[in-house]
2 protein chains.
Amino acid sequence: MSVELLSIGKLATATGTKVETIRYYESVGLLPPPGRTKGNYRAYSAQHLARLSFIRRARALGFSISQVQELLKLADQKDISCKAVDMIAREHLAEIDRKLRDLNTLRSELSSVIVQCRHGTISECRIIETLAPDSAAGG
Amino acid sequence: MSVELLSIGKLATATGTKVETIRYYESVGLLPPPGRTKGNYRAYSAQHLARLSFIRRARALGFSISQVQELLKLADQKDISCKAVDMIAREHLAEIDRKLRDLNTLRSELSSVIVQCRHGTISECRIIETLAPDSAAGG
DNA sequence: ATAAAGCCTGAAGTCACTAGAGGGTCAAAC
DNA sequence: GTTTGACCCTCTAGTGACTTCAGGCTTTAT
């Protein structure tokens with residue numbers, strides 16, 4: 001492999017990605033298929049490295065694969081306005097905020113259930129009680 | 001179907017669950033298989049209703065299927081201490097706290113990226129820039 | 001009698017990977 | 001020059017918690 005080209009393993013360490021994940025990204029069309037060596041090894045260029053870095057950062061920020069696809073498509077068209085990019089990012093932020101709200105609600109509900117646990121027997125366990133409906137449950 | 005028994009559709013509306021999800025719960029052993037009518041329709045009892053309500057509430061609190069399995073197993077043994085239940089709940093709470101921390105980090109990173117967007121062209125877009133590595137990217 | 005709604009099974013699809021089987025290639029040590 | 005071991009290849013299946021689909025039976029309403 002030339003000095004300029006990276007094996008899949010090198011690309012993996014360079015970007016903190018697993019080798020299998022890189023092949024997966026190729027299979028779903030996120031990362032373009034690189035050239036191959038005579039031994040049929042993938043040989044990645046600096047462009048591939050840049051693109052994979054982009055992908056990893058976007059994924060780390062929680063963008064879905066398809067959102068990353070969109071961002072990449074937009075990033076390739078240098079002349080158009082970046083309003084679309086901003087919109088995707090803002091939508092994603094709203095999504096995160098929804099998740100945060102949900103998780104916070106969850107957290108307070110769950111912890112209030114836990115606090116009530118007096119470590120008695122199951123039949124008087126507040127956690128189980130809270131989950132079970134008022135009626136029924138008993139045979 | 002008798003007055004006391006519910007079709008899968010009624011059970012679904014009663015618990016806010018999709019019909020397919022109920023069949024899925026049966027297939028993974030969360031919900032015991034109910035009796036059948038002569039037409040081979042599932043016929044659910046009040047116990048099934050109670051159990052599914054329990055499952056749905058636990059799932060809504062973010063417990064995984066296998067955690068719900070454990071909780072159900074424990075709930076059925078009325079005489080033992082509920083320490084195990086408490087432990088599962090506390091572990092789950094810790095998990096939620098981890099997720100909350102991660103999401104909050106994510107949120108502040110993403111929103112700082114968004115704030116920098118001046119709606120220029122893609123080539124000067126801060127969002128794209130932040131995602132892309134300093135070097136490379138250009139052919 | 002017929003149409004619509006509801007139910008049945010079994011298999012495949014979703015998301016974003018991860019793991020494994022069964023092999024080929026390459027660099028270095030001996 | 002051969003052997004060891006790390007690295008790479010493809011293809012397939014598994015994860016979690018469902019969802020969707022195909023193809024067909026049952027019940028209910030008109």
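Along each chain, the written sequence defines residue order, and numbers are assigned to residues from 1. Chains carry letters from A onward and ligands carry numbers from 1 onward, assigned in written order. Totals for whole chains, interfaces and linings use all residues, but because this is a predicted model, local features are given only for residues with pLDDT of at least 70 and pairs of side-chain atoms are given and counted only at 80 or more. By convention in this description, side-chain values take in all heavy atoms of the structure and omit both hydrogens and water.

Student: For the nonpolar core, give the residues involved together with the corresponding values.
Tutor: Within the largest apolar cluster, 76 residues are counted, with the highest numbers of intra-cluster contacts made by Phe 63 and Val 85 of chain A together with Phe 63 and Val 85 of chain B. In contact with Val 85 of chain A, other than residues within four places in its own chain, are Leu 71 and Leu 74 of chain A together with Ile 122, Cys 125, Ile 127 and Ile 128 of chain B. Nine residue types can take part in a nonpolar core, namely buried Ala, Val, Leu, Ile, Met, Phe, Trp, Tyr and Cys, and a core is a set of them joined through side-chain atoms within 4.5 Å. Accessible area is worked out with a 1.4 Å probe on protein chains only. A residue is then buried under 20% of its type maximum, exposed over 50%, and partly exposed in between. By the convention used here, residues are in contact when the closest approach between their heavy atoms is within 4.5 Å.

Student: Give a description of the domain arrangement of chain A that names residues and reports values.
Tutor: If you check the domain split of chain A, you get domain 1 (1–63) and domain 2 (81–139). When each unit is reduced to the centre of its C-alpha atoms, the spacing between domain 1 of chain A and domain 2 of chain A is 38 Å. The start and end points of each domain follow an automatic or database-based domain assignment.

Student: Break down the packing of helix α5 (residues 83–115) of chain A against helix α5 (residues 83–115) of chain B for me, with residues and values.
Tutor: With their axes 9 Å apart at the nearest point, α5 of chain A and α5 of chain B run at an angle of 155 degrees to one another. For the element pair α5 of chain A / α5 of chain B, the angle class is roughly antiparallel. Considering the relative orientation of α5 of chain A and α5 of chain B, their crossing is left-handed. Gly counts as polar in this scheme, as do all residues outside two lists: the nonpolar Ala, Val, Leu, Ile, Met, Phe, Trp, Tyr, Cys and Pro, and the charged Asp, Glu, Lys and Arg. Here the contact of α5 of chain A with α5 of chain B is built from residues that sort into 16 nonpolar, six polar and ten charged. What counts as an axis is a line fitted to C-alpha atoms, over the stretch in contact for a helix, and the angles between N-to-C directions run from 0 to 180 degrees. Per the convention used, a helix needs a DSSP run of H or I reaching at least four residues, while a strand needs a run of E reaching at least two, with both numbered from the N terminus. When an angle is under 35 degrees it counts as roughly parallel; over 145 it counts as roughly antiparallel; between 65 and 115 it counts as roughly perpendicular; any other value is oblique. A clockwise turn of the near helix away from the far one marks a right-handed crossing, whereas an anticlockwise turn of less than a right angle marks a left-handed crossing.

Student: Report on the interface of chain A and chain B, specifying residues and quantitative values.
Tutor: Contacts between chain A and chain B engage 56 residues on the former and 56 residues on the latter. Salt bridges are counted wherever a side-chain nitrogen of Lys or Arg sits within 4 Å of a carboxyl oxygen of Asp or Glu. For the pair chain A and chain B, the interface holds two salt bridges. Polar contacts, as used here, are pairs of N or O atoms within 3.5 Å; protein pairs need one atom able to donate a hydrogen and one able to accept it. Residues neighboring in sequence count only if both atoms are side-chain atoms. For the pair chain A and chain B, the number of links is six residue pairs in polar contact (both at pLDDT 80 or more). Elements supplying a minimum of two residues to the side of chain A that touches chain B: α3 (46–60), α4 (65–76), α5 and α6 (126–131) of chain A. A total of 19 residues in the side of chain A that touches chain B trace back to one element, the largest contributor, which is α5 of chain A. Here the residues of the side of chain A that touches chain B sort into 31 nonpolar, 15 polar and ten charged.

Student: Lay out the relation of the copies chain A and chain B with the relevant residues and their values.
Tutor: Residues below a pLDDT of 70 in either copy are left out; the C-alpha atoms of the rest, at least 70 in both, set the least-squares superposition of the copies. For these two chains of identical sequence, chain A goes onto chain B by a turn of 179 degrees and a shift of 0.1 Å along the axis, with RMSD 0.5 Å. Such a combination of rotation and displacement between the chain copies is what one expects of a two-fold axis. Across chain A, the smallest distance between a C-alpha and the rotation axis is recorded for Leu 100 of chain A, namely 3.1 Å. Mapped onto chain B, 100% of the interface residues of chain A again fall at the interface, so both copies present the same surface.

Student: Report on the pattern of salt bridges, specifying residues and quantitative values.
Tutor: Residues and elements named next belong to chain A. Per the counting criterion, the structure on display carries eight salt bridges over all chains. One salt bridge connects Arg 42 with Glu 26, and the closest N-O pair in it is separated by 2.8 Å. Here the residue Arg 42 occupies a position in strand β2 (residues 42–43), and Glu 26 occupies one in helix α2 (residues 19–27), the gap between them amounting to 16 residues. The class for Glu 26 is buried, based on a relative accessible area of 17%.

Student: Report on the protein's contact with DNA strand D, specifying residues and quantitative values.
Tutor: Summary of the distance rule: residues count as near a molecule or strand when at least one heavy atom falls within 4 Å of that molecule or strand. Neighbouring residues of DNA strand D: 18 residues in total, closest Gly 9, Arg 23 and Arg 42 of chain A together with Thr 21 and Arg 59 of chain B. Near-protein atoms of DNA strand D (within 4 Å) split between backbone and bases, with sugar and phosphate holding 81%. Contact between DNA strand D and Tyr 41 of chain A: a base oxygen at 3.1 Å from a side-chain N or O atom of the residue. Examining the composition of the surface near DNA strand D, we find that four residues originate from one element, helix α2 (residues 19–27) of chain B, more than from any other. Classifying every residue of the surface near DNA strand D by side-chain character gives six nonpolar, six polar and six charged.

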